[in-house]
Amino acid sequence: MKKLLRVITAVIALGITASAWADEAREAPAFSIEADSGKLNLSDFRGKVVYLDFWASWCGPCRASFKWLNEAQARYGADGLVVIAVNVDKDKEAARQFLKENPASFKIGFDPEGNVAKSYQVKGMPSTYLIDRDGRSRVAHIGYRQKTNRLLREK
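What counts and what doesn't
Residues numbered from 1 in each chain as written. Predicted model: local features only at pLDDT ≥ 70, side-chain atom pairs only at ≥ 80, totals over all residues. Heavy atoms only, no water. Buried < 20%, exposed > 50% of the residue type's maximum accessible area, 1.4 Å probe, protein only. Helix = DSSP H or I, 4+ residues; strand = E, 2+ residues; numbered from the N terminus. Pairing = 2+ DSSP bridges. Contact = heavy atoms within 4.5 Å. Expected span 1.5 Å × (residues − 1). Bend = angle between axes of the 7 residues up to and from the residue.

**Student:** Outline the pairing of strand β7 (residues 127-131), listing residues and values.
**Tutor:** Taken across its five residues, β7 has five buried, putting it largely inside the fold. Pairing geometry for strand β4 (residues 49-55) and β7, over five bridges, is antiparallel. Of the residues in β7, the one forming a bridge with Val50 is Ile131. As paired elements, β7 and strand β8 (residues 136-142) share five bridges and run antiparallel to each other. Looking at β8, one finds that Ser127 is bridged to Ile142. Linkage of β7 to β8, two consecutive antiparallel strands, is achieved through a turn of four residues, within which Gly135 is found at a positive phi near 85 degrees.

**Student:** Lay out unusual backbone geometry with the relevant residues and their values.
**Tutor:** The omega torsion of the bond from Met125 to Pro126 falls at -15 degrees, within 30 degrees of zero and hence cis. With respect to the element layout, Pro126 can be found in the loop between α4 (115-119) and β7.

**Student:** Requested: an account of the environment of Asp134, with residues and values cited.
**Tutor:** Tracing the chain through its elements places Asp134 in the loop between β7 and β8. Under the relative-accessibility criterion, Asp134 is labelled partly exposed at 45%. Aside from chain neighbours lying at most four places away, what touches Asp134 is Glu27 and Arg46.

**Student:** Any chance you could break down helix α2 (residues 60-76) for me, citing the residues and the numbers?
**Tutor:** Between its terminal C-alpha atoms α2 stretches 25 Å, which fits the 24 Å expected from 17 residues at 1.5 Å a residue. Along α2, the sharpest change in direction is near 30 degrees and occurs at Phe66. Those residues of α2 that sit buried are Cys62, Ser65, Phe66, Trp68, Leu69, Asn70, Ala72, Gln73 and Tyr76.

Structure follows, in structure tokens:
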């Protein structure tokens, strides 16, 4: 599990500029949000590494990141990685259209009021938080670059 956390952290850190990420190492804010399968609770994934991604339908980099998120879930899911993507659109239909065009093989939650995004102090789209198996937010970053996808394939 520690190796998985190091690999994902390294991929994130190498794929973005230093000003776009920070080592958080704080308790990740708990949440329970709507998902197509019912409620999605962060606490249900204690003991796993959670890649928490905030996205919106109007965000171009979010569109590009979904392929990478699918790949990360497929590649590291058996090792304990759980990708959770939280949509912040007020219009759920816009989010559903985005998902038709960009299918997700990972968990999707909806935060139309932005309460979860506020608790994570999201400043841009996409924003990602890597949460360790003890529920601590270890890395946070804003943005997505294609280089991140290539780096994941090399690990």
